[in-house]
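In case you want the letters, here they are:
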Amino acid sequence: MIDSTPSIDHEDVLRALRRVDAPELARYRPLSEVSLTDVGDGVNDVFVVSPDHDTDRNADRLVVKFGTYSEPGHLRAGVTAYRLLAEFTDLPVPEVVALDEGDDETPPFVVMEHRPGAALADGFLDTERATNPAAVRLLGAVMAAFGSIPAQATDGYGYIQRTDYRDENPVAVGTYDDCSAWLVDYGTELYEAAAAHEKLDAIVPDVFDYLQASRDRLPATPSPSIVITDFSPANLMNRDGIPPESVDELTGVIDLERAKLGPLEFAAVNAEYLLTRYVDDPAPVREALYDPLPFGPDIPRRDCYRVLAMGRSVAALPFWYDSEGELYEQRASAIASELDRVVR
């Protein structure tokens with residue numbers, strides 16, 4: 001399981017900020033006098049930076065997010081996603097001040113505008129808030145905006161490699177020209193990293209066959225959407241952490257590292273699986289998620305997308321659960337049983 005102990009201290013943060021040459025940092029100098037607050041979520045180390053000499057606690061602040069468990073490319077992909085969404089949607093994404101790929105002393109990090117408020121959930125295990133239909137409906141509306149980026153603002157599919165510019169507009173460049181090839185490779189990579197469990201060991205070879213057989217069923221050049229494969233109400237912020245009436249009242253859409261380009265339908269089925277895997281009755285969550293989307297849950301290739309979504313759980317089991325614990329056994333058995341129904 002991932003250790004939530006911060007691995008970055010305040011001196012590391014100051015050393016990172018000294019690497020940044022950006023006008024937004026002018027009001028924070030001298031850096032030795034800034035106030036740093038650790039708000040890490042246990043996955044990456046995150047700090048809020050405030051000028052100590054500024055008595056206005058509502059003043060603009062910055063966030064420094066380190067790639068403690070992420071590679072430079074993961075942060076880079078998130079930066080591209082923020083820039084596209086800022087350009088082509090009205091979503092309240094943070095403005096990016098700087099991206100630094102780090103060195104032997106400093107991990108990769110990104111400096112961003114601080115978005116005020118509190119998240120609508122603490123994560124997927126925060127079941128009550130993460131599956132609150134009001135929060136899930138907002139999630140669906142934000143995902144619909146992710147799918148509204150123009151096709152000319154993307155080039156390819158899969159993991160976002162970099163940002164190009166055409167006519168001064170940002171363009172997200174993916175790693176694959178063929179989306180079906182990316183989806184099959186993505187699923188194959190996840191199931192190759194399957195957690196150790198006798199039931200999973202027995203079904204995974206059939207999953208590989210199923211993925212290859214599904215290649216021609218998956219779309220080669222779908223309308224592109226930004227895809228965040230761990231997207232949940234924890235990525236959405238409001239002033240008090242309570243779901244507002246509309247997307248316009250959100251104060252932040254955050255944590256977009258590892259962003260990808262792919263079909264909005266896959267993003268929806270993926271989010272549906274992650275949100276409903278811990279609930280007895282998935283119907284209210286499913287209804288809320290698809291309500292703002294331009295399609296319902298009964299979409300073509302739903303079974304393929306579901307298998308791809310489950311791949312993340314298969315690979316992440318030993319990271320999120322104690323391999324000797326009851327929950328590990330329950331999740332592995334449940335996943336194996338569903339895979340058996342789909343791929344055999």
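This text follows the structure it describes.
Conventions we followed
Residues numbered from 1 in each chain as written. Predicted model: local features only at pLDDT ≥ 70, side-chain atom pairs only at ≥ 80, totals over all residues. Heavy atoms only, no water. Helix = DSSP H or I, 4+ residues; strand = E, 2+ residues; numbered from the N terminus. Buried < 20%, exposed > 50% of the residue type's maximum accessible area, 1.4 Å probe, protein only. Contact = heavy atoms within 4.5 Å. Areas by Shrake-Rupley, 256 points an atom, 1.4 Å probe, with all protein chains shown as cover. Lys, Arg positive; Asp, Glu negative; His and termini not counted. Charge placed at Lys NZ, Arg CZ, Asp CG, Glu CD. Pairing = 2+ DSSP bridges. Axes fitted to C-alpha atoms, helices over the stretch in contact; angles between N-to-C directions. Polar contact = N/O pair within 3.5 Å; in protein donor to acceptor, adjacent residues only side chain to side chain. Salt bridge = Lys/Arg side-chain N within 4 Å of Asp/Glu carboxyl O. Core = buried A, V, L, I, M, F, W, Y, C linked by side-chain atoms within 4.5 Å. Expected span 1.5 Å × (residues − 1). Patch = residues over 30% accessible without salt bridge, like charges linked within 9 Å, V, L, I, M, F, W, Y side chains within 5 Å. Phe/Tyr/Trp six-rings, centres within 6.5 Å; stacked < 30°, edge-to-face > 60°. Lys NZ or Arg CZ within 6 Å of the ring centre and 35° of its normal.

A word on the overall build of the protein
Piece 1. What the protein contains, in helices and strands, is 10 helices and 13 strands.
Piece 2. Looking at the protein residue by residue over its 344 residues, the buried ones come to 52%.
Piece 3. Counting contacts in the protein only where the partners sit at least 6 residues apart, residues at least 24 apart contribute 70% of the total.
Piece 4. Counting every atom, the protein has about 15600 Å² of accessible surface; 45% of that belongs to carbon and sulfur.
Piece 5. Across the protein, the mean location of the 30 positive side-chain charges is 2 Å away from that of the 62 negative side-chain charges.

A few points about the sheet that holds strand β12 (residues 252–253)
Piece 1. Across the sheet, which stays open at both edges, the 3 strands sit in the order β6-β11-β12 with antiparallel pairing between neighbours. Edge strands, defined here as strands with exactly one partner in the open sheet, are β6 (118–119) and β12.
Piece 2. Summarising the sheet, β6 and strand β11 (residues 236–238) pair through 2 bridges and their orientation is antiparallel. Across the sheet, the residue bridging to Ala118 is Asn238, located in β11.
Piece 3. Its contacts with the sheet place helix α4 (residues 133–146) against β11 and β12, and it is angled at close to 120 degrees to β11.

A closer look at helix α1 (residues 10–18)
Piece 1. Asp12, Val13, Leu14, Ala16 and Leu17 are the residues of α1 that are buried.
Piece 2. Next to the buried residues of α1 lie β1 (34–38), β2 (46–51), β3 (62–66) and β5 (109–113).
Piece 3. For α1, the side-chain oxygen to backbone nitrogen distance between the N-cap and Glu11 is 3.1 Å, and the N-cap itself is Asp9.

Quick look at the sheet that holds strand β8 (residues 157–166)
Piece 1. In space, the 5 strands of this open sheet follow the order β7-β9-β8-β13-β10, with mixed pairing throughout. The open sheet terminates on both sides in strands that have one partner only, identified here as β7 (154–155) and β10 (225–227).
Piece 2. By the bridge criterion, 7 bridges tie β8 to strand β9 (residues 169–176) in an arrangement that is antiparallel. Following the sheet pairing, Tyr157 is matched in β9 by Tyr176.

Observations regarding the side chain of Arg331
Piece 1. By secondary structure assignment, the location of Arg331 is in helix α10 (residues 326–343).
Piece 2. Here Arg331 sits buried without a salt bridge, and the closest side chain of opposite charge, Glu338, lies 7.0 Å off (N-O distance).
Piece 3. At 3.3 Å, the side chain of Arg331 and the side chain of Tyr273 are in polar contact.
Piece 4. Setting aside its immediate chain neighbours within four residues, Arg331 contacts Tyr273, Arg277, Tyr278, Leu317 and Tyr321.

Some words on the pattern of salt bridges
Piece 1. Following the criterion strictly, the structure yields 19 salt bridges and no others.
Piece 2. Here Arg302 ties to Glu272 by a salt bridge, and the two come within 2.6 Å at their closest N and O atoms. With Arg302 in helix α9 (residues 302–320) and Glu272 in helix α7 (residues 264–276), this pair connects stretches of sequence that are 30 residues apart.
Piece 3. The exposure class assigned to Glu272 is buried, which follows from its relative accessible area of 1%.

Details of the nonpolar core
Piece 1. Residues Met143, Phe146, Ile226 and Phe231 are the most contacted members of the largest nonpolar core, which totals 86 residues.
Piece 2. The contacts of Ile226, once residues within four sequence positions are left out, are Ala81, Leu84, Leu85, Phe146, Ile149, Ala259, Lys260 and Leu261.
Piece 3. Formed by 21 residues, the second largest nonpolar core is a distinct cluster that contains Val13, Leu14, Phe47 and Phe66.

With respect to helix α2 (residues 72–88)
Piece 1. With 17 residues, α2 extends 25 Å from end C-alpha to end C-alpha; this agrees with the ideal 24 Å at 1.5 Å per step.
Piece 2. Within α2, the full set of buried residues consists of His74, Leu75, Ala77, Gly78, Val79, Thr80, Ala81, Tyr82, Leu84 and Leu85.

Thoughts on the side chain of His74
Piece 1. If you trace the backbone, His74 turns up in helix α2.
Piece 2. Residue classification places His74 among the buried positions, given a relative accessible area of 16%.
Piece 3. Discounting chain neighbours no more than four positions away, the residues touching His74 are Glu257 and Arg258.

Considering the pairing of β3
Piece 1. Counting buried residues along β3, 5 of its 5 residues qualify, which places the element largely inside the surrounding structure.
Piece 2. With 4 bridges joining them, β2 and β3 adopt antiparallel strand pairing. The residue bridging Val49 from the neighbouring strand is Leu62, located in β3.
Piece 3. In terms of strand pairing, β3 meets β5 through 5 bridges, oriented antiparallel.

So, a negative patch on the surface
Piece 1. Judged by side-chain charge, Asp90, Glu245, Asp248 and Glu249 come together as a negatively charged surface patch.
Piece 2. Tracing the sequence through the fold places Asp90 in the loop between α2 and β4 (96–100).

Some details on the packing of aromatic side chains
Piece 1. Following the criterion strictly, the structure yields 9 aromatic pairs and no others.
Piece 2. Relative to Phe266, the ring of Trp182 lies with its centre 6.2 Å away and its plane at 80 degrees, an arrangement referred to as edge-to-face. Taken as a pair, Trp182 in helix α5 (residues 179–192) and Phe266 in helix α7 lie far apart in primary sequence, 84 residues in all.
Piece 3. By relative accessible area, which is 1% here, Trp182 ends up buried.
Piece 4. Its relative accessible area of 0% is what places Phe266 among the buried residues.
Piece 5. Pairing Tyr290 with Phe295 gives two aromatic rings, centres 6.3 Å apart and planes at 65 degrees, and the pair type is edge-to-face.
Piece 6. Among the aromatic residues, those joined into a cluster by ring pairs are Tyr159, Trp182, Tyr186, Phe266 and Tyr305.
Piece 7. Seen from the ring of Phe124, Arg277 lies directly overhead, with NZ or CZ sitting 5.2 Å from the centre.

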